[in-house]
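Chain by chain, the residues run as shown.
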Amino acid sequence: MTVQFSPFRPPIDLSDLPNFTQSRQRPRRAVFVGRVSTKDNQNPATSIPRQVLYASARLEEGEEFAAYFWDVESGMLPPQLRGLGSQDMYDALDVPVRRDGGLQDLVERAEPMGVTHVLAERSDRLARAMLTSLVVEHELEQLGVEVVYANEPSGGTESGRLRTRRYGQVEAEIYRTTMLEMSMGGQVQHAVNGWNHGYPPYPYIAVIDETSPRQQAGRFGEARPKKKLAPHPDSRRFDAARELHRLRREEHLKAADIIKVLAADPGRYPIPRRWTHNLVEGLIANPKLTGYQVYNRKATRTGRPGMSRRNPLSDWVWSPRVTHEPVISLDEWKAAQEVTARLKAGAAEYLSLQHLRAAVSTLGLTVTVVRASGTHTLYQIGGRQLVLPSPIPEPIIQQVADDLRAAP
């Protein structure tokens, strides 16, 4: 907390006393921090200079910013995922404000640079998520750096300033949540109406839905047209997708074996480059091959490519009816998922058994499977029999090895 100058000083000079110390003073060194939502929704070339102008109102007379830290990214990202865009991207934006780094660079370099003040137009330029802005403020405060927002009143009490700041951060958080709700609602309706998200799966192409409502051009130009899935012009792709599903569903083949079957007959099962494990498993798991449009299978974010996680099936959004020509039936798709789950469980059990054998092999012991149920397996390890869960968790493997090593 910033302590204001106190008029209540001692009536005589006490600076010669042993325990009298002057508060440590550092030369003031202010830097700018800013953010633009995305390069498409806002123009960084005008927004960043405007933010600098407003923030500079809190500079002292004759003072200039020592550095400029700004990002062109979503304010919903945590600091460690900000500023990951390439320098070429930032150079192409032609912003007339130099960029010394992003938010994460500011946090890392504040101390070695001797920064004392971080100035921004308002709190949501740090982040729209209140937790993120609080974390950044706390980290900088620990370094003796004061964060100043230009839209906050100057002077007055610390409690008044803090109240204004927290109100602003709450408003940013509410705005963020509202935008997420509206965006999610729009995406759900997009899927319910049968319009496709993302790249079309192997057996399909995406075609413009001529029956969809026409949207007027907005401030960012023409709206993207709505697209539905249609069979690929090469009908062999439908046959290939059906066959790889059948191989998994009826013959319980793993991806490597399915690839061998498909690659052996390229004239019947065409592929632009080559069949891969990810492509085969992705097609087997893709519910769009049932003719339904499905959304929210993955939780993605804007930022580092490839960073996503699978959502539980209960969170998926399905269109209420078939919206494009199906490759397989819904029952066939479900059966394939059940086989996939069994294959993965078997692979996990095999790997855990190999780990167990490796752990006890240093003791000169071997591991033999006596019998197994759906959840547990009876093992013969040396002269002992042990019932362990299937697959065996790593901590239990280590505990078994330690117990055998300690046994007389």
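In the nomenclature of an unreviewed UniProt entry, the chain is known as Recombinase domain-containing protein of Amycolatopsis thailandensis.

A look at the overall build of the chain
A count of helical and extended segments in the chain gives ten helices and 13 strands. Of all 408 residues assigned to the chain, the portion counted as buried reaches 36%. Look at the contacts in the chain between residues 6 or more apart in sequence, and 68% of them connect residues 24 or more apart. Total accessible area on the chain stands at roughly 24300 Å², and carbon and sulfur atoms take up 53% of it.

Some words on helix α3 (residues 103-113)
Restricting attention to buried positions, one finds in α3 the residues Leu103, Leu106, Val107, Ala110 and Met113. Buried residues in α3, looked at end-on, bunch into an arc of 150°, giving them a common side. For α3, exposure combined with an orientation more than 90 degrees from the buried face picks out Glu108, Glu111 and Pro112. Structurally, α3 contributes buried residues whose contacts are with β1 (30-36), β2 (68-72), β3 (117-120) and α4 (130-142).

Description of the packing of aromatic side chains
The full count for this structure, using the stated rule, is ten aromatic pairs. On the basis of an interplanar angle of 55° and a centroid distance of 6.3 Å, the ring pair of tryptophan 316 and tryptophan 333 is categorised as tilted. Placement of the pair is tryptophan 316 in the loop between β9 (308-310) and β10 (317-318) and tryptophan 333 in helix α9 (residues 330-361), with a sequence separation of 17 residues. Assigned by exposure class, tryptophan 316 and tryptophan 333 land together as buried. The rings of Tyr292, Trp316, Trp318 and Trp333 are connected pair by pair, giving a single aromatic cluster. Sitting over the face of the ring of tryptophan 70, arginine 99 holds its NZ or CZ atom 5.8 Å from the ring centroid.

What to know about the pattern of salt bridges
Side chains that differ in charge, positive against negative, can pair when their charged atoms come close. Tallying each qualifying case throughout the model produces 16 salt bridges. Ionic pairing is found between aspartate 402 and arginine 405, a salt bridge with its closest N-O pair at 3.2 Å. Separated by three residues within a single helix, aspartate 402 and arginine 405 lie in helix α10 (residues 394-406), roughly one turn from each other. Using a relative accessible area of 45% as the deciding quantity, one classes arginine 405 as partly exposed. If you follow the salt bridges from partner to partner, you end up with Glu243, Arg246, Arg249, Glu250, Glu251 and Glu332 in one network.

Considerations on the sheet that holds strand β4 (residues 146-149)
Ordered by their spatial adjacency, four strands build an open sheet running β2-β1-β3-β4, and the pairing between neighbours is parallel. At either end of the open sheet lies a strand with only one pairing partner, and these are β2 and β4. Geometrically, the sheet is characterised by an average inter-axis angle of 20° between neighbouring strands, direction not taken into account. Bridging between β1 and β2 involves five bridges; their strand directions are parallel. Paired with valine 36 across the strands is valine 72, a residue of β2.

Points about the environment of valine 118
Positionally, valine 118 belongs in strand β3. Those residues in contact with valine 118 that sit more than four places away from it in its chain are Val31, Val33, Leu106, Leu140, Val145, Glu146, Val147 and Val148.

Thoughts on the packing of helix α8 (residues 277-285) against α9
At a closest axis distance of 9 Å, the pairing of α8 and α9 adopts a crossing angle of 130°. With respect to α9, the element α8 is oriented oblique. Residue-level inspection shows Glu281, Ile284 and Ala285 of α8 in contact with α9, the latter providing Trp333, Ala336, Gln337 and Thr340. Looking at the contact of α8 with α9 residue by residue, the class counts come to four nonpolar, two polar and one charged.

Structural notes on the nonpolar core
Leu244, Ile258, Trp275, Val280, Leu289 and Val327 are the most contacted members of the largest nonpolar core, which has 25 residues in total. For this core, the secondary-structure elements that each account for two or more residues are α6 (236-251), α7 (255-263), α8 and α9. By residue number, the principal contributor to this core is α6, which donates five residues. Once residues within four sequence positions are removed from consideration, leucine 244 is found in contact with Ile258, Leu262, Trp275, Val280, Leu283 and Ile284. In this structure, Val31, Leu106, Ala120 and Val147 belong to the second largest nonpolar core, which totals 18 residues.

Some thoughts on a nonpolar patch on the surface
Taken together, the side chains of Ile12, Leu14 and Leu17 define a hydrophobic patch exposed on the protein surface, amounting to about 260 Å² of accessible area. Among the secondary structure elements, isoleucine 12 is positioned in the segment before β1.

A short note on the side chain of serine 352
Note on placement: serine 352 falls in helix α9. Residue classification places serine 352 among the buried positions, given a relative accessible area of 5%. A polar contact of 2.9 Å, which involves the side chain of serine 352, links it to the backbone oxygen of glutamate 349. In contact with serine 352, other than residues within four places in its own chain, are Pro391, Ile392 and Ile397.

Some points on α8
Of the residues making up α8, those classed as buried are Val280, Glu281, Leu283 and Ile284. Projected down its long axis, α8 shows its buried positions confined to an angular sector of 160°, all on one face. Structurally, α8 contributes buried residues whose contacts are with α6, α7 and α9.

Brief notes about the packing of α6 against α9
In the contact formed by α6 and α9, the axes pass within 8 Å of each other and the chain directions differ by 60°. Of the possible angle classes, the one that applies to α6 and α9 is oblique. Crossing geometry of α6 relative to α9 is assigned as left-handed. Here His245, Arg248 and Arg249 of α6 come into contact with α9, specifically with Glu332, Trp333, Ala335, Ala336, Gln337, Val339, Thr340 and Leu343. Partitioned by chemical class, the residues of the contact of α6 with α9 number five nonpolar, three polar and three charged.

Thresholds applied
Residues numbered from 1 in each chain as written. Predicted model: local features only at pLDDT ≥ 70, side-chain atom pairs only at ≥ 80, totals over all residues. Heavy atoms only, no water. Helix = DSSP H or I, 4+ residues; strand = E, 2+ residues; numbered from the N terminus. Buried < 20%, exposed > 50% of the residue type's maximum accessible area, 1.4 Å probe, protein only. Contact = heavy atoms within 4.5 Å. Areas by Shrake-Rupley, 256 points an atom, 1.4 Å probe, with all protein chains shown as cover. Arc of directions from axis to C-beta. Phe/Tyr/Trp six-rings, centres within 6.5 Å; stacked < 30°, edge-to-face > 60°. Lys NZ or Arg CZ within 6 Å of the ring centre and 35° of its normal. Salt bridge = Lys/Arg side-chain N within 4 Å of Asp/Glu carboxyl O. Pairing = 2+ DSSP bridges. Axes fitted to C-alpha atoms, helices over the stretch in contact; angles between N-to-C directions. Parallel < 35°, antiparallel > 145°, perpendicular 65-115°, else oblique. Nonpolar A, V, L, I, M, F, W, Y, C, P; charged D, E, K, R; others polar. Core = buried A, V, L, I, M, F, W, Y, C linked by side-chain atoms within 4.5 Å. Patch = residues over 30% accessible without salt bridge, like charges linked within 9 Å, V, L, I, M, F, W, Y side chains within 5 Å. Polar contact = N/O pair within 3.5 Å; in protein donor to acceptor, adjacent residues only side chain to side chain. Left-handed = near helix turned anticlockwise from the far one by under 90°.

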